[in-house]
Amino acid sequence: MDALASLPENSIDSAVMDPPYHLTSIVDRFGKDGAAEAKSGRTGAFKRASAGFMGKAWDGGDIAFQIETWRQVLRVLKPGGYILAFASTRGFWRMSVAIEDAGFITHPLIAWVFGSGFPKATRLKADGYDGWRYGGQALKPAIEPIYMGQKPFSEKTGTANVLKHGTGAVNIDGCRVPTDETITATRSIALGSSGAGVFGAAKVPGVYEQKEGGRWPANLIHDGSDEVVAAFPQTESGTGAIKRDTGADRNGNTGVAYGCESRPAGTEMIGYGDAGNASRFFYSAKADADDRIGSRHPTVKPVDLMRYLVRLVTPPGGTVLDCFAGTGTTGEAAWREGFNAVLIEREPEYQADIAERMRLCLSGTDEKKREIIKRRGLVDENAGPLFGSVK
């Protein structure tokens, strides 16, 4: 809060951060300074929780649930600037309400889906309940919601706001989902064309090809793991135009409605001509074993994911704010995308991680690779015979 107060008003272009999730309210009961040591009990759960999430006391408290926290972020953001903030599925609603009450406009959330989560549950020891578990995280965690909000415009229109402040829009083309597929759709209606409005667009037949650069980005991102990809169905769309020969569209809808091709028999409908796993429609941020760079922080996010997020909401040459910087992943992401960053981190251990991360970034990819290999106890495949053979 002290660091935020030192920043000038309307000086930041975007805010991308991973605040504490405050999963352990028991810290307030058993983890205060001077409190008696929590007893282990039968499972040790109370003792572990009193130390905070993953043994870290900084997850206690409620800084991410305080309206004043987000008022200060709102103050330093330029009008129209976006905020993206991770949260747990349990605490997302509390954080969202605080951010909105601080004055932000709430947009639909972004879902980060991953396959690396582990359930933490206690087996129920009672007759007739084999296979039953209890606990706050009895189900395997596989999603983290990302709040998406925006500081209100200072100008009458979005275009005028962007022209004045450089903020207020999202980078759609820069965040399209890559694809090697050649997709051609034949439509009887030009979606988005001028005409009679949403439910009756002008009839402009034509062939529409996949936008260069990939698919339109969605508010779902996944880690590309086998487990997550397997959860998506295999899909296949017909090639070329589809002739409708009934009084309803292919979804069984009739009448004029959004997405409905309610036209006479013989009307050409959309034919995409591609097939594969449905995960291809969504951006895949691959988790990298090198993202951690030796840090012991328990919640390091993939650099690729953070690069995508800062690229989505930060204008060219802009400055990104992360006031819960951790190991500096947002800083590295901003640097790799050509942005500036303001990082705020209270814990000395992680301040050192940030300094080391940025030192390695500035030292170049080769130096970073060598340092990561050394810390992971591996042998560089390109090190040469002096260092022995790789097994």
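Peer 1: Explain the overall build of the protein chain to me, please; I cannot follow it from the model alone.
Peer 2: When helices and strands are tallied, the protein chain shows 11 helices and 16 strands. When the 391 residues of the protein chain are sorted by exposure, 41% land in the buried category. About 21,700 Å² of surface is accessible on the protein chain, with carbon and sulfur atoms providing 54% of the total.

Peer 1: Explain the environment of Glu-236 to me, please; I cannot follow it from the model alone.
Peer 2: Locating Glu-236 in the fold gives a position in strand 10 (residues 234-236). The sequence separation of Glu-236 and Gly-276 amounts to 40 residues, and the corresponding C-alpha distance is 6.4 Å.

Peer 1: Before we go on, may I ask you to explain the side chain of Ser-88 in this structure?
Peer 2: Take Ser-88: it is sitting in the loop between strand 2 (77-86) and helix 5 (92-101). For Ser-88, a relative accessible area of 9% corresponds to the buried category. Reaching out from Ser-88, the side chain makes a polar contact with the backbone nitrogen of Gly-91 at a distance of 2.9 Å.

Peer 1: Which parts of the structure should I look at to understand the pairing of strand 3 (residues 105-113)?
Peer 2: Consecutive side chains of a regular strand alternate in pointing toward one face of the sheet and then the other. Where strand 3 meets strand 6 (residues 143-150), 7 bridges bridge the pair, whose relative direction is antiparallel. Opposite Val-113, over in strand 6, you have Ile-143 as the bridge partner. Looking at chain direction, strand 3 and strand 9 (residues 220-222) are connected through 3 bridges and run parallel. By the bridge assignment for strand 9, Ala-111 is matched with Leu-220.

Peer 1: Which parts of the structure should I look at to understand the pattern of salt bridges?
Peer 2: Side chains bearing opposite charge may pair, as long as their charged atoms lie close to each other. Counting across every chain of the model gives 13 salt bridges. The closest approach of N and O atoms between Glu-155 and Lys-164, which form a salt bridge, is 3.3 Å. Residue Glu-155 is classed as partly exposed on the basis of its relative accessible area, which comes to 26%. Overlapping salt bridges, with partners in common, bring together Asp-18, Glu-144 and Lys-301 in one network.

Peer 1: Just to check I follow, could you spell out the environment of Gln-66 for this structure?
Peer 2: Note on placement: Gln-66 falls in the loop between helix 3 (45-50) and helix 4 (67-76). Side chain to side chain, Gln-66 and Asp-62 meet in a polar contact 2.8 Å long.

Peer 1: What's the story with the environment of Gly-317 in this structure? I'm lost.
Peer 2: Along the chain, Gly-317 turns up in the loop between helix 8 (303-313) and strand 15 (319-322). Residues contacting Gly-317, with those up to four places away along its chain left out, are Gly-338, Phe-339 and Asn-340.

Peer 1: Just checking my understanding: could you explain unusual backbone geometry for this structure?
Peer 2: Outside of glycine, negative phi angles account for most residues, and trans bonds account for most peptide bonds. Phi is positive for Asn-10, close to 55°, though the residue is something other than glycine. Mapping Asn-10 onto the fold places it in the loop between helix 1 (2-5) and strand 1 (12-17). Taking relative accessible area as the criterion, Asn-10 reaches 33% and is therefore assigned partly exposed.

Peer 1: Would you take a moment to explain the sheet that holds strand 3 for this structure?
Peer 2: Picture the strands of a sheet paired through backbone hydrogen bonds; they go either parallel or antiparallel. On the basis of which strands lie adjacent, the open sheet formed by 8 strands has the order 14-9-3-6-2-1-15-16 and mixed pairing. Where the open sheet ends on each side, the last strands, each with one partner, are strand 14 (283-284) and strand 16 (340-343). Relative to strand 16, strand 15 runs parallel, the two sharing 4 bridges. Residue Leu-321 lies in a different strand from strand 16, and its bridge partner there is Val-342.

Peer 1: Would you mind showing me how to read the packing of aromatic side chains here?
Peer 2: Any aromatic ring pair is given by two values, namely how distant the centres are and how the planes are angled relative to each other. Inspection of every chain in the model, using the stated rule, returns 5 aromatic pairs. For the ring pair Trp-70 and Phe-324, a centre distance of 6.4 Å and an interplane angle of 50° mean the geometry is tilted. Of the two residues, Trp-70 sits in helix 4 while Phe-324 sits in the loop between strand 15 and helix 9 (329-336), which places them 254 residues apart along the sequence. In this structure, Trp-70 and Phe-324 share a single accessibility class: buried. The ring of Phe-86 is capped by Lys-301, whose NZ or CZ atom sits 4.8 Å from the centre of that ring.

Peer 1: What's the story with the packing of helix 9 against helix 10 (residues 348-363) in this structure? I'm lost.
Peer 2: Each packed pair of helices is defined by two parameters, the angle between the axes and the distance between the axes. Relative orientation of the contacting elements helix 9 and helix 10 amounts to 20°, with a least axis distance of 9 Å. On the basis of their axis angle, the class for helix 9 and helix 10 is roughly parallel. Pair helix 9 / helix 10 crosses with right-handed handedness. Residues Thr-329, Gly-331, Glu-332, Trp-335 and Arg-336 of helix 9 lie in contact with helix 10, whose contacting residues are Arg-357, Met-358, Cys-361 and Leu-362. Residues of the contact of helix 9 with helix 10, tallied by class, amount to 4 nonpolar, 2 polar and 3 charged.

Peer 1: Would you take a moment to explain the confidence of the model for the protein chain for this structure?
Peer 2: Note: predicted coordinates in regions of low pLDDT should not be interpreted at a detailed level. Overall, the prediction assigns the protein chain a mean pLDDT of 75, with 62% of residues at 70 or greater. Across residues 238-272 the pLDDT falls below 50, and counting only partners more than four positions away or on other chains, this stretch makes 70 contacts in the model. Low pLDDT (under 50) marks residues 378-391, which in the prediction has 10 contacts with non-local residues, meaning those over four places away or in another chain.

Peer 1: How should I be thinking about the side chain of Ser-279 in this particular structure?
Peer 2: Among the structural elements, Ser-279 can be located in the loop between strand 13 (275-277) and strand 14. On the basis of relative accessibility, which here comes to 9%, the residue Ser-279 falls in the buried class. Ser-279 has contacts with His-222, Val-229 and Phe-232, leaving out every residue within four places of it along the chain.

Definitions and cut-offs
In every chain, residue numbers begin from 1 and rise along the written sequence. Confidence filtering applies because this is a predicted model: local features only for residues at pLDDT of at least 70, side-chain atom pairs given and counted only at 80 or more, and all residues used for totals across whole chains, interfaces and linings. Side-chain metrics in this entry use all non-hydrogen atoms of the structure; hydrogen atoms and water are not considered. Under the DSSP-based scheme used, a helix requires at least four consecutive residues in state H or I and a strand at least two consecutive residues in state E, with every element numbered from the N terminus. Three exposure classes are used, based on accessible area relative to the maximum for each residue type with a 1.4 Å probe and protein chains only: buried under 20%, partly exposed in between, and exposed over 50%. The Shrake-Rupley method, run with a 1.4 Å probe, gives the accessible areas here. Residue values count only the displayed protein chains as cover. Any pair of N or O atoms that falls within 3.5 Å is considered a polar contact. Within protein, one atom must be able to donate a hydrogen and the other to accept it, and sequence-neighbouring residues count only if both atoms are side-chain atoms. When DSSP finds two or more bridges between a pair of strands, those strands are recorded as paired. In what follows, salt bridge is the name for a side-chain nitrogen of Lys or Arg lying within 4 Å of a carboxyl oxygen of Asp or Glu. The contact definition used throughout considers only heavy atoms, calling two residues in contact when any of these lie within 4.5 Å. Ring geometry is summarised as follows: Phe, Tyr and Trp rings, the Trp one being its six-membered ring, pair when their centres sit within 6.5 Å, and such pairs are stacked at plane angles under 30 degrees, edge-to-face over 60 and tilted between the two. Charge-over-ring contacts are defined here by two conditions on Lys NZ or Arg CZ: a distance within 6 Å of the ring centre and an angle within 35 degrees of the ring normal. Axis lines are fitted to C-alpha atoms, over the contacting stretch for helices. Their N-to-C directions set the angle, which ranges from 0 to 180 degrees. Each angle is binned into one of four classes, with values under 35 degrees roughly parallel, values over 145 roughly antiparallel, values of 65 to 115 roughly perpendicular, and all other values oblique. What makes a crossing left-handed is the near helix being turned counterclockwise from the far one by less than a right angle; a clockwise turn instead makes it right-handed. Side-chain classes follow a simple rule in which Ala, Val, Leu, Ile, Met, Phe, Trp, Tyr, Cys and Pro form the nonpolar group, Asp, Glu, Lys and Arg form the charged group, and the remainder, Gly included, forms the polar group. Residue-level confidence of the predictor is summarised by pLDDT, bounded by 0 at the bottom and 100 at the top.

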